[in-house]
Amino acid sequence: MRPALSTNFTQYVLNSDDFQILGTVETEGIYTSWLMLWVTGETGYRELLDKSKALGGDEIINYRFEVEETSILLVVWNRIKWKATAHAIKYREKIKKP
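What comes next concerns the included structure. (Residues numbered from 1 in each chain as written. Predicted model: local features only at pLDDT ≥ 70, side-chain atom pairs only at ≥ 80, totals over all residues. Heavy atoms only, no water.)

**What about the sheet that holds strand β2 (residues 38–40)?**
For the record, the criterion: DSSP-based pairing: two strands are paired if at least 2 bridges between them are found. Only DSSP runs of H or I reaching four residues or more are called helices, and only runs of E reaching two or more are called strands; each is numbered from the N terminus. Here the axes come from fitting lines to C-alpha atoms, over the contacting stretch only for helices, and the angles between their N-to-C directions go from 0 to 180 degrees. Two residues qualify as a contact provided that any one of their heavy atoms is within 4.5 Å of a heavy atom in the partner residue.
Pairing is antiparallel in the open sheet, where 4 strands are placed in the order β2-β1-β4-β3. In this open sheet, the two edge strands, each paired with only one partner strand, are β2 and β3 (59–72). When strand polarity is set aside, the average angle formed by the axes of neighbouring strands in this sheet is 20°. Sheet topology places strand β1 (residues 19–34) next to strand β4 (residues 77–91); 15 bridges connect them, and they run antiparallel. Of the residues in β4, the one forming a bridge with Trp34 is Trp77. Contacts from helix α1 (residues 44–54) reach β1, β3 and β4, with the element oriented near 145° to β3.

Here it is, written out as structure tokens:
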């Protein structure tokens, strides 16, 4: 037997008393690869989280990525235009760990 990932997510149960929604954050970018050897692009989740923190938030929820892909033979050249949105939230003091 070899070590393996047993689960790929952690689930939390939050209700609306646990956080405050600060607003919607958005970002977009382009991911491009050539022959799967050279890749350029941004990191959408990190950008959304940074924008949430700029609003005074702790985390993002309800994130969504819209993707438009263009490619030539899939591995020769691939471009993905994406737009991401999420809700910036701030945890209330009652659920923050000391």
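**Quick word on the nonpolar core**
Short version of the rule: In this description, a nonpolar core means a group of buried Ala, Val, Leu, Ile, Met, Phe, Trp, Tyr and Cys residues linked to one another through side-chain atoms lying within 4.5 Å. For each residue, the accessible area found with a 1.4 Å probe, counting protein chains only, is set against the maximum for its type, and the residue is called buried under 20%, exposed over 50%, and partly exposed in between.
Counting residues in each nonpolar core, the largest one holds 7 residues, listed as Val25, Leu48, Ile60, Trp82, Ala84, Ala86 and Ala88. Ranked by the residues each element gives to this core, the list is headed by β4, at 4 residues. Those residues in contact with Ala84 that lie beyond four places of it in its chain are Val25, Glu26, Thr27, Leu48, Arg64 and Phe65.

**A word on the environment of Ile61**
Structurally, Ile61 is set in strand β3. The spacing of Ile61 and Ile89 is 28 residues in sequence and 7.2 Å in space, taken between C-alpha atoms. Residues within four places of Ile61 in sequence aside, it is in contact with Phe19, Ala86, His87 and Ile89.

**Points about the packing of aromatic side chains**
We apply this condition: Pairs were defined over the aromatic rings of Phe, Tyr and Trp, the Trp ring being its six-membered one, requiring ring centres within 6.5 Å. Orientation was assigned from the angle between planes: stacked under 30 degrees, edge-to-face over 60, tilted for the rest.
Tallying each qualifying case throughout the model produces 3 aromatic pairs. Summarising the aromatic geometry, the rings of Tyr45 and Tyr63 are spaced 5.3 Å apart at their centres and angled 80° between planes, so their arrangement reads as edge-to-face. With Tyr45 in helix α1 and Tyr63 in strand β3, the pair connects residues that are 18 residues apart, well separated along the chain. Owing to a relative accessible area of 35%, Tyr45 belongs among the partly exposed residues under this scheme. Looking at Tyr63, the relative accessible area reads 48%, which means it is partly exposed. With a centroid separation of 6.1 Å and 55° between ring planes, the pair formed by Phe65 and Trp82 is classed as tilted. A residue pair is termed long-range when its members are at least 10 positions apart, and Phe65 in strand β3 and Trp82 in strand β4 qualify at 17 residues. Residue Phe65 is classed as partly exposed on the basis of its relative accessible area, which comes to 37%.

So far we have only geometry, and geometry alone does not tell us how the molecule works.
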